[in-house]
Amino acid sequence: MEKKGWLNSLFSSEREKKQESQNQVEMKPKTSLEADFLIKVSQEIRFSLNSIMGFNDLILGKKDLNEEIFENSTKIHNSGVALLGVINNILDFARMKSGNLELIPVDYEISSLIRNVISLNMANAEVKPIKFNLNLDANLPSRLIGDELRLRQAFNNMLSNAFKYTKTGTIEWSVGFEYAGKDFWLVSKIKDSGAGIKEEDMKDLFSKYNQPGARIEGMGLGLAIAKEIIDMMGGVIEVESKHGKGTIFTVKVKQQVQNKTPLDEKVISNLKNFYIQSNKTEKKLKLVYEQMPSARILVVDDMSLNLEVAKGLMRPYGMQIDTAPSGKIALAKVINQSTRYSAIFMDYMMPEMNGVETVRKIRALDSDYAKNIPIIALTANAEAGGEKIFLESGFNDFIGKPIDIIKLDAVLKKWIKTDEA
């Protein structure tokens, strides 16, 4: 059989089936050829990155690691996180071009948004002599309504830009609010002591393309996407900068207040200390694996490497782990009931019968077991509104790919009922 070239393999029949399955669920408008190409390329990279980061996390999770192996694996993890951010930006750039970048408001905790943004930037920060300060308005409401995922992405792009192009000194992130009449405006200010921006480059700061002769050092796709998101929200971005002396980005975006109760003082203190005390990789190594020997889990994915990663990450919990390579086989196992599972982890995009269709058929079975068994989506497409789509389709929860072991731990402890419970 003739060996396929790189471009042909990019659009293999298996991947086309996955994309068709995704389109059936999302029912999004047709994309342009260029945007569709970018989306498919990015998804291909994510599939491989899921395996790379997953197997690397298995190495990091081992006890008594050789120091050199630990340091190298940590660098792989940090590089993977950075690459994942690039891929997400490419995906959103493609959606921007095709007009498919949507805002989906949700009720969210502002403390969670801030913590996630800081966590995403730890990899950039820990290798440089930079002091990071977080300033929070003591009266900041605890819960807001808005597109938390897109807002987090915009803030992350800006903060990561500050870390990336500040070699030494200080980065300060201030989060507050102001009212204009009855309108509530969330205000974010990121100040760095980095390279700054030349005056003649300011006009191209948020350009979607890095054209020859107009490239601004360190200012690329991330800022363009952040600007697009803020514009879609009806917000504004103000920039102050002096070349060689740092930059200040101020973002004002309208949100709704869900709960006016201010952030608790302890929450504020924990957030301010989170950067110092909570290195993500160290959290993984210090993770306490609650033993669940009576639990039996079914992992469903059509890719064997993904099954190996999931099994490896769950093995420390002492559970019995079964696998299924398709939705049809998973459905047959549930119908059979010879083995009753404590929970099912289901890939979102599978050929023939995707995860959503499989879950709907399981929930339609005439048994309390099928209607109530916890089913968690595994998805490389965790975007805005994803949680709503999954919950409405019969899932109980979802975990993005590459799998974050901290999120996996929380989901297992939430949904797995042990004999001792």
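As the structure is a prediction and not an experimental result, all values here were calculated from the model.

J.: Mind laying out the pattern of salt bridges, listing which residues take part and the relevant values?
T.: The final tally for this structure, using the stated rule, is 14 salt bridges. Across the pair D322 and R296 runs a salt bridge, and its minimum N-O distance is 3.0 Å. Placement of D322 in strand β9 (residues 320-324) and of R296 in strand β8 (residues 296-300) is noted, with a sequence separation of 26 residues between them. Residue classification places D322 among the buried residues on the basis of a relative accessible area of 16%. The exposure class assigned to R296 is partly exposed, which follows from its relative accessible area of 27%. The residue D301 makes a salt bridge to K401 at a minimum N-O spacing of 2.8 Å. Here K401 lies in the loop between β12 (397-400) and α16 (405-415) and D301 lies in the loop between β8 and α11 (304-314), a separation of 100 residues in the sequence. Linked through salt bridges whose partners overlap, the residues forming this network are D107, E109 and R143.

J.: Could you give an account of the packing of helix α4 (residues 67-98) against helix α8 (residues 221-232), naming the residues involved and the relevant values?
T.: Between α4 and α8, the least distance of the axes is 10 Å, while the angle of their chain directions is 50°. When the axes of α4 and α8 are compared, the pair comes out oblique. Taken as a pair, α4 and α8 cross one another with a handedness that is left-handed. Seen from α4, the contacting residues are N89, I90, D92, F93 and M96; seen from α8, they are L221, G222, A224, I225 and E228. Of the residues contributing to the contact of α4 with α8, the split by class is six nonpolar, two polar and two charged.

J.: Can you explain the sheet that holds strand β11 (residues 375-379)? Please cite residues and give values.
T.: Taken in spatial order, the five strands make up an open sheet running β9-β8-β10-β11-β12, and their pairing is parallel. Two strands bound the open sheet, and with one partner strand each, they are β9 and β12. Taking the axes of each pair of neighbouring strands and ignoring which way they run, one obtains an average angle of 20° across the sheet. Looking at chain direction, strand β10 (residues 343-347) and β11 are connected through four bridges and run parallel.

J.: Residues and numbers for a nonpolar patch on the surface, please.
T.: On the surface, I45, L83 and V86 cluster together to form a nonpolar patch covering roughly 220 Å² of accessible area. Note on placement: I45 falls in helix α3 (residues 33-60). A relative accessible area of 35% means that I45 is categorised as partly exposed.

Cut-offs used in this document
Residues numbered from 1 in each chain as written. Predicted model: local features only at pLDDT ≥ 70, side-chain atom pairs only at ≥ 80, totals over all residues. Heavy atoms only, no water. Salt bridge = Lys/Arg side-chain N within 4 Å of Asp/Glu carboxyl O. Helix = DSSP H or I, 4+ residues; strand = E, 2+ residues; numbered from the N terminus. Buried < 20%, exposed > 50% of the residue type's maximum accessible area, 1.4 Å probe, protein only. Axes fitted to C-alpha atoms, helices over the stretch in contact; angles between N-to-C directions. Parallel < 35°, antiparallel > 145°, perpendicular 65-115°, else oblique. Left-handed = near helix turned anticlockwise from the far one by under 90°. Contact = heavy atoms within 4.5 Å. Nonpolar A, V, L, I, M, F, W, Y, C, P; charged D, E, K, R; others polar. Pairing = 2+ DSSP bridges. Patch = residues over 30% accessible without salt bridge, like charges linked within 9 Å, V, L, I, M, F, W, Y side chains within 5 Å. Areas by Shrake-Rupley, 256 points an atom, 1.4 Å probe, with all protein chains shown as cover.

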